[in-house]
Each structure stands twice: as structure tokens, then as C-alpha cells.
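Given next are the chains, with one letter for each unit.
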Amino acid sequence: MFLTYVETVTKELVSWMRGHESSVFSISVHASGRYAITTSSDTAQLWDLDTFQRKRKLNIRQSVGIQKVFFLPLSNTILSCFKDNSIFAWECDTLFCKYQLPAPPESSSIIYKVFAVTRDGRILAAGGKSNHLHLWCLEATQLFRIIQMPTKVRAIRQLEFLPDSFDAGSNQVLGVLSQDGIMRFVNIQSCKLLFEIGCLDEGISSSVISPHGRYIASVMENGSLNIYSVQALTQEINKPPPPLVKVIEDLPKNVPQSSDVKMKIASGRVLRPARCRERKTQARIVKQDLTGHLENKENELPDGLNKKRLQILLKGYGEYPTKYRMFIWRSLLQLPENHTAFSNLLDKGTHMAFLNLQKIYPIKSRKLLRVLQRTLSALAHWSSIFSDTPFLPLLAFPFVKLFQNNQLICFEVVATLIINWCQHWFEYFPNPPINILSMIENVLAFCDKELLQHFIDHDITSQLYAWPLLETVFSEVLTREEWLKLFDNVFSNQPSFLLMTVVAYNTCSRAPLLNCTLKDDFLYFFHHRNNLDINVVIREAYHLMETTPADIHPDSMLDAFVALTKGQYPVFNQYPKFIVDFQTRERERIRNDELDYLRERQTLENMQAEVNQQRLEDEAWYQKQEELRKAEEAKREMLLQEEEKMVQQRERLAAVKRELKMKEIQLQDAARRHFLKLQQAQRELELRRLDDEIERKVQMRDREIATTARELEMRQLELESQKRLYEKNLTRNLGAFAKEFREDADAYRQKVDFEEHMFHKLIETDQTQSRNAQKLIEENLAKAEQVCLNTDWRIHALHKQKCDDLQRNEGYQEVTTLLRRNRRKEVELLNAMVEEEAKKWKEADEKEFHLRSEKKASALSDASRNWFLKQELGAALEHAERPVSKEAWLQREQAASGSLPRTSQLTDISEVNPSTRVSLRRSTAEWNGMEENLLKKVRNLRQRLTAQAQNRQLSRSLLVT
């Protein structure tokens, strides 16, 4: 197994580290970003991220596995937890064992699986397959509390402390993710359940809390990602601390014993934790009250630090502790850690001004060069002045080397340094800051006039004895430890302290400087390390800060410290913009000219290369031709000699060939005679085999012919039986039709007898007449379709060929087309008849109204009513036999209903206009003729299909034969 170190911005592989034989399940990085610990089940390894080399390796017995190995926050302590519940603390630098936690009590012993440490590294929470939590005090190395979770919790999968803005790193709220997918947040002091996230239906797989404790990101078991706002979940988190003034009360009677470390958490409604009234807590609060009124709010720093206290600590020890230095610097500079804004600057890529940085500043470490290039590019994208600042790489390099594993902190430290300690440096750009150098010269004139006069006598200006120290921030003249100690004091004081340090460095080095007389000696002195105690320089700088008069003190001309803003970085425009723009335009013009020159130069070089290549090819060709000519002459001589040898060999071979030819002729004669005998015997054998096969095939053919004849006879019998069955079915259908016709005639006679009853029934069923007619039509159509389907099924069962189906479909379509055409003609004919009938009825009404008298009104009315009933019954029968369209039916109904009072003079249907009767007879004859034609076409189609099927069957039987 090996680990890969990938750059997150460019996605490039930086390094890969081998050493683990099993899979790595945890990685812990030191707060400085220099070291990392990787842990597998059998070993843990400590890596140096600057060189990507393994520093140490922890091997254990196979019977005892490793649970987790990690760094404690803000310290150099490594905590190793094993599967036998043993926990050891190691020093990171020396790997010396600092302490071992004692074994937990047997009554609540659990196998530790998960761990969590507070931000100040004082409390360790451990849990496992149990509902108990163990809280260890790492300073006292003892178990000070056992928390019992609710009974629903059977195992603990993850522990996370919730950061608070007011607890100075001593986190009091612990998040416990149990086996049911619910994460419960409890107060480890009051043991109260504050709130919980997740549910049984939507469980949590793992959770991560933001550094400031404002949000909780949870990966759910269904694959979704939920983000919770802590402020919305409860008001107990991130609330201001209680008032500092407290009243000490007497001890209650029932004071809990210190030995009682086991507490139980009750499940249910989330309650606000009660304030603790123990004597120990009250004493701590009173102590804060005694010292709190002496501190100024302006000196309060993030993470619970105080600037005045840090300055007192710094003056006492001369420097900050190494393992806390980076944390203190970040607090002093109040770095906002704007990840989004910094990522936007990095996304813009490498700036054009730093593409060839390795040529100007060659650095051996490729990683360090890449980090320096990105930091400078981010600064250039932040403000355009930094793309033209020549001393910016020298200024940023020591911070890049120090924070190379945390580029965001490196950028913000350099930006804060430029905004505060580099004030007014760019007002005379591109020249050095004359105003700043003048301040340094004024202070030097005040404290050491002799040294200043020595500089003046030898033409040494502040650009030589002060500016090299400022632009490199003393990185060239100090060692790493001295430089860190110096900047502990620089970052802890006002921006003018850096200028005072330059003056102090010169005054403390006055003895060697007074001995220098050459300019090169001065130049060498301020660009190389010297034998100088940095503590003396720092003390002298503090002395100058206190004794320098106010009129020349840099504090009067420099602004106070201003931290970077959160969210977005401030605008930096403290420089002559027109000079920068002019230089940018000139640089762009020079770059374009250089690109044109390089393009032309490349073209000329390509042409020259082509000419040289052609010349070399020509020379090689001539040389090759000469070598070929010489080789050809040598080969020609060799060929002449070989030809003579060949002539002699051919003569010897000719004699040998003659002998061999004679022997070959003899052998061929013997082989030919033997082959002829063998071939004759083979042909005789083949003839006998062919005779046998012909006889067998003749017998098979006779058997097949007999079988085919029997099959044809059986098929003929089947066809005859099917024909008789079809005729029988047809006769049965004709008999049924005749029976139905007789029944209809009987019904008609009954209707004539019961004329009055039929009239009332006709009135009642007038509305349903159309539906009955339609139903009758559908039944007749269904019968016709059933007949067609039966016929089709018989044809399909006999033949089952696709071609027959296609032909039958064509025949059906032709019949359907004829039916549609006949139907249209029938509708037109009926419409014409209705119109003619209406006209005639109108004429008859007009004529008969004046001819008939009122005496015959009643008789004529009875005759008209009888005729109307006969007409309706005749229309119903006609419609049942030959249905008409819905429109013709409605027209006939309207004509019939409207003609009842008008046709009262007609006594019989014979009195209808003769022309109308002729047209009716003609239409009836045409309809009968069309029906006969249609039936003939159907018969012809069936005969043709039957003939085709018989022909196909006959052809198939012939093929089989």
C-alpha cells in the first residue's frame, strides 16, 4: 500500500509514500502542516511533509491492533490508542513517552472504538460498543467522568466536539452518533441533552462540524448530504459568557462527592443546562473577575488570547513556544481565513509576471518554488502593483518556506505584513520608499550621529544600509531561529517596530561598520549573516521605541494595525497608479515586440535548419553514389570470376544430369505401369458402388411415389369430407334463414291484426327505434362477419400461407370498396326520393285542399291513418333488411311526421304519384342488381382462392414426388 500526495488546485501528483502493508484508515496532520501520521491496523508511520520522507514507524504485536493515532490540537503530542484500551502520549520531536492513561474501572470497561479531543487538547472523549462515554483529563491523566447515554443507544459510531466562540477551546458540547443513525449533542458538564439531528427513517452515516461551530454537515444513509445550522437548532450554543461578577454562596448540605464521576443523561425534552454552583467553578469565575478589569478590550484576540499577556510573556522569555508559535501568530494577525476569496485568486492561475520565476530565483525544492509562485500570483491578482514589485519574492520567501503546507495562511500573513508593516512603501514606486528610509535615517541621526556621519562620508545612503534589510525582512542576515524570534516581537508590536529594528541592527553593528570603508564591504555586510546577537538587537529596538522623540518617531506617521477583512480581502491601491499603468503598458509592448522577434527568429532558424538539412542530404547522397559506384565495380569483378566457376560446374552437372535422367526414365516407366494397374482396379470398384447406389435410389423412389399417392388419396378424401361439411353448414344456414323469414312474415301478419296496439307501441318506442335499428344492423353485420371469418379460418387452416392472406385482404378491400360505393349511391337515391316525395306532397296538398270537401274529411282521415301505419311498418321492414344512413332515417322521420295532416286526402299507397312509384321501383331494381353483382364477386373471389390453394397443394405434392 502507498499514499499519494496530490495538489488540490492543479490536480498534480506531488509525491507518493510507501510503507503500509494494509489499508490506511486514518490520517492526522500537525497544526503547523509539517508532519502527518498515517495509521493502519498493524502500524502507524510519521511523515515529514516537507521532504515526504518517513520519519518514524510504530510497529506492534499482531495480537494487539491499533485503533487510532493522532496529534493533539495545538501541541506536539501524539496520542496512540490500541485495541486493548491502552492509550499512550508521545512527544512528536523525540518520540519520548510522556505518559500512559490508567486502565478504566472494570465496572464500566468498554472497548474503545472512537475518540474526540477538545480544541485545547485537555479532554479526551472515548466510546465504543456500549452506551457509556469515558471523559479523560489529559493534564491529570485520569478518568474524571463516565456519561451514560439513553437506553436507545447501544453503540457509539462517532464523537465530535462542537466548537464555541466563547469557551477558549475548552469545548463543552459533545456530539454522539449512535447505531440508530441519530446524533445527540450533550453538555459534558451538566450532562443535559441539548438537541439531536437525524431520525430512524433517515439515519446519519457520518458528520463533520465547521471550525467555528456554526454548521454541521451530515452524510445520510440514503446518500444525501444535509447541512444543519447550529444556531437554528438551539440557543445554548455560542451565547455570551455569564457575567464575571458572581456571589460566592455557602456549600449546600448535599454536596456531591468528587469520587462520584458517573452521571446519567435522561432522554426526552431538550432542556437548557443549569448553571453549576460548585465551589470550584465559582472560584475560577472570581479569579477572572479580579484580573479582567485590568485588560483593555482592544487587546483581546481571537481564540481567547490577550495581546498584553502575550507581550509580557514575550518579554519574559524572549520568544514564543515553538509548538504554539503558529497559533499565536494567527491570533496576533487576526487572520480571517477567507477560503473562498483565496480560492478565487488561485483559480485565476499563474500570473504572467511569475511564469519564469525559476529562472530569476532558482530554488532547489520544486514544491517550495510552486508554493512561492502561487503565493506571488495570488498577490498580483489581488493588486496589480505586486506584479511589478521586484522585491516581493524576497519579502514573501521566508513566509512561504515557513507556511508551505498551508498556502492560505501564508498568503494572509504576507498580505497583513504588506498592509501594516509595509505602509507607504509604494508611494515612490518603482524607487525605494524614500519617506520610510528618511524616517529610519532620522532615528539613526538621533541615536548614533557618528555612524550616520560615517555613512555620509563614504557615500552610503539609506538605500544600502536600510533598504536591503527591509526588502528581505532580515531573512538574509539572520538564521531561521533568529528570524522567528525577531518576528515574534515584530508581530506583537506596532508597525513602527520593524523600522526601529533596522536602526537597532545598524547601531548594534556600529563597530564593524565603522571599520568598513569600501562600498562593496557595506554591500556584503547587509546581504550576509554577521556575528550579532539578535536578543541585543531586539532590546535595542524596544529601547528606541521608548526613547525616540515623538516628532521623529515612526508611530506618528504610520497607522495602527488593521487586520484583513473577513469574506473578501480589502482593496490595496496605495501606489502611484499612473506609473504602474505605464509600466504595464510598456511591459506589454515589450512583450509583444519580443514575441514578434522570437517568432521571426524562429522562422529564420527553421529556414536555416531546412537549408542545412538539405545540404547534408545532398552531401550524403553524393557520398552514397560514390560508394555505390565502387561497390558496383567490385561486384562486377566478383561476378566475372563466379561466372567462370559456374561454367565449369555446369559442365560437371550436365554429365551428372544425363545419368540421373536415364535412371529417372526407367523409374517412371515402372511407376506408370504400376499406376495403370491400380487405376483400373479403382475404376472397377467405383462402377460396382454406383450400380448399388442406383438400385437403392430406384427402390426409394418407388416407395416415395407409393407413399405420395396414398397421401394424395387421403388428402382428396379430406377435401371431399370438408366439402360435404361445408355444404351441410350452408344448407343449415339457408334453412335457418328461411325459418327466420317465415317468422318475420308471421310477425308482420300479427302486427297488421293489432294495428291500433302497434300504433301506441310505435309512439312509445319512437326514441329507441334508431338504437334498435342500429342493433339489428350490428347483428346482421356480425353474422356476415362470422360467415366470412369461418370461411377465412377454413382457408387459413388449409393453406396457412402468407401470400393467400394478402390476396384475401385485397379481395376484402375490393368488396368493401364496392359496398361503400353502393351505400353512397343508396343514400343519394333515398335523399332524391325524399326530396321528390316532399315536392309531390306539397303539390298534392295545394291541389287536394281546394278539390276535396269537408264531408269526406273524416273518411279520408281514417284512410290516411291506415296508410301511415302501413308506411311505417313497411319502412321498418325495409330498414331491417337494408339499413340506411342516420341522415336519411331522420329525413324520412321528419317527412313522415310532417305529412300526417297534409296527406289526409290519400286513401291508399296506390294513389302516390306514378312518377314517384316508377322511381321507387327503379331504385329497388338497381339495389337488387348491385346486391347480385356483389354476391357474384364474392363467389368468384372464393372460387379463385380455392383454385389457388388446390394448385399450390398440387405443386407441393409434385415437388415432393
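In case you missed it, the structure is sitting above this.
Residues numbered from 1 in each chain as written. Predicted model: local features only at pLDDT ≥ 70, side-chain atom pairs only at ≥ 80, totals over all residues. Heavy atoms only, no water.

1. So, the overall build of the protein chain
- Check the secondary structure of the protein chain and you find 25 helices and 22 strands.
- Here the protein chain, with 961 residues, has 35% of them falling under the buried criterion.
- Here the contacts in the protein chain between residues at least 6 apart in sequence split such that 61% fall between residues at least 24 apart. (Helix = DSSP H or I, 4+ residues; strand = E, 2+ residues; numbered from the N terminus. Buried < 20%, exposed > 50% of the residue type's maximum accessible area, 1.4 Å probe, protein only. Contact = heavy atoms within 4.5 Å.)

2. Description of unusual backbone geometry
- Of note, the phi angle at asparagine 85 is positive, near 70°, even though the residue is not glycine.
- Among the secondary structure elements, asparagine 85 is positioned in the loop between β8 (77–82) and β9 (87–91).
- Positive phi, normally seen in glycine, also occurs at threonine 141, with a value near 50°.
- Tracing the backbone shows threonine 141 in the loop between β13 (132–137) and β14 (142–148).
- The class for threonine 141 is partly exposed, based on a relative accessible area of 25%.

3. Looking at the packing of aromatic side chains
- One pass over the structure, following the stated rule, counts 30 aromatic pairs.
- Each ring, one from phenylalanine 455 and one from tyrosine 465, has its centre 4.5 Å from the other, and the planes form 15°; the classification is stacked. Here tyrosine 465 lies in helix α12 (residues 462–465) and phenylalanine 455 lies in helix α11 (residues 449–457), a separation of 10 residues in the sequence.
- Measuring from ring centre to ring centre gives 4.6 Å for tryptophan 483 and phenylalanine 487, while their planes differ by 35°; the resulting arrangement is tilted. Here phenylalanine 487 and tryptophan 483 lie together in helix α14 (residues 480–491), a separation of four residues that amounts to about one turn. No difference in accessibility class separates tryptophan 483 from phenylalanine 487, as the two residues are buried.
- Clustering of aromatic rings is evident, with ring pairs tying together Phe342, Trp382, Phe386, Phe391, Phe411, Trp425, Phe426, Trp467 and Tyr569. (Phe/Tyr/Trp six-rings, centres within 6.5 Å; stacked < 30°, edge-to-face > 60°.)

4. So, the side chain of threonine 472
- Along the chain, threonine 472 falls in the loop between α13 (467–471) and α14.
- Judged by relative accessible area, which is 2%, threonine 472 ranks as buried.
- Engagement of the side chain of threonine 472 in a polar contact is seen with the backbone oxygen of proline 468, the distance being 2.6 Å. (Polar contact = N/O pair within 3.5 Å; in protein donor to acceptor, adjacent residues only side chain to side chain.)

5. Focus on helix α7 (residues 366–382)
- If you check α7, its first and last C-alpha atoms are 24 Å apart, about what 17 residues at 1.5 Å a residue would give, namely 24 Å.
- Counting buried positions over the 17 residues of α7 gives 15, a clear majority of the element. (Expected span 1.5 Å × (residues − 1).)

6. Considerations on the pattern of salt bridges
- The full count for this structure, using the stated rule, is 18 salt bridges.
- Glutamate 139 serves as the salt-bridge partner of arginine 122, at 3.3 Å between the closest nitrogen and oxygen. Here glutamate 139 lies in the loop between β13 and β14 and arginine 122 lies in the loop between β11 (112–117) and β12 (123–128), a separation of 17 residues in the sequence.
- Among the residues examined, arginine 122 registers a relative accessible area of 44% and is labelled partly exposed.
- In this structure, arginine 601 engages glutamate 605 in a salt bridge whose closest nitrogen and oxygen atoms are separated by 3.1 Å. Remark: glutamate 605 and arginine 601 occur in helix α19 (residues 577–753); sequence separation between them is four residues, near one turn of the helix.
- Salt bridges linked by common partners bring Asp120, Arg122 and Glu139 together as one network. (Salt bridge = Lys/Arg side-chain N within 4 Å of Asp/Glu carboxyl O.)

7. Topic: the pairing of β13
- Among the six residues that make up β13, five are buried, leaving the element largely enclosed by the rest of the structure.
- Judged from the six bridges that link them, β13 and β14 form a sheet pairing that is antiparallel. Within β14, the position partnered with leucine 133 by the bridge is isoleucine 147.
- With antiparallel pairing between neighbouring strands as the criterion, β13 and β14 make up a hairpin whose turn holds four residues, including threonine 141 at a positive phi of roughly 50°. (Pairing = 2+ DSSP bridges.)

8. A look at the packing of helix α15 (residues 496–508) against helix α18 (residues 534–547)
- Where α15 meets α18, the axes come as close as 8 Å, and the angle between the chain directions of the two elements is 120°. By the angle class used here, α15 and α18 are oblique. In this structure, the crossing between α15 and α18 has a hand that is right-handed. Two secondary-structure elements touch here, α15 through Ser496, Phe497, Met500, Thr501, Val503, Ala504, Tyr505, Thr507 and Cys508 and α18 through Val536, Val537, Ile538, Glu540, Ala541, Tyr542, Leu544 and Met545.
- Taken together, the residues of the contact of α15 with α18 sort by class into 13 nonpolar, three polar and one charged. (Axes fitted to C-alpha atoms, helices over the stretch in contact; angles between N-to-C directions. Parallel < 35°, antiparallel > 145°, perpendicular 65-115°, else oblique. Left-handed = near helix turned anticlockwise from the far one by under 90°. Nonpolar A, V, L, I, M, F, W, Y, C, P; charged D, E, K, R; others polar.)

9. A short note on helix α9 (residues 407–420)
- Taking 1.5 Å of rise per residue, 14 residues should cover 20 Å, and α9 covers 20 Å from first to last C-alpha, within 8% of that figure.
- Burial analysis of α9 places 14 of its 14 residues in the buried class, the great majority of the element.

10. A word on a nonpolar patch on the surface
- A contiguous nonpolar patch, built from Tyr215, Val219, Leu225 and Ile227 and spanning about 420 Å² of accessible area, is present on the exposed surface.
- Broken down by secondary-structure element, the contributors of at least two residues to the nonpolar patch are β20 (215–220) and β21 (225–229).
- Structurally, leucine 225 is set in strand β21.
- Assessed through its relative accessible area of 56%, leucine 225 is described here as exposed. (Patch = residues over 30% accessible without salt bridge, like charges linked within 9 Å, V, L, I, M, F, W, Y side chains within 5 Å. Areas by Shrake-Rupley, 256 points an atom, 1.4 Å probe, with all protein chains shown as cover.)

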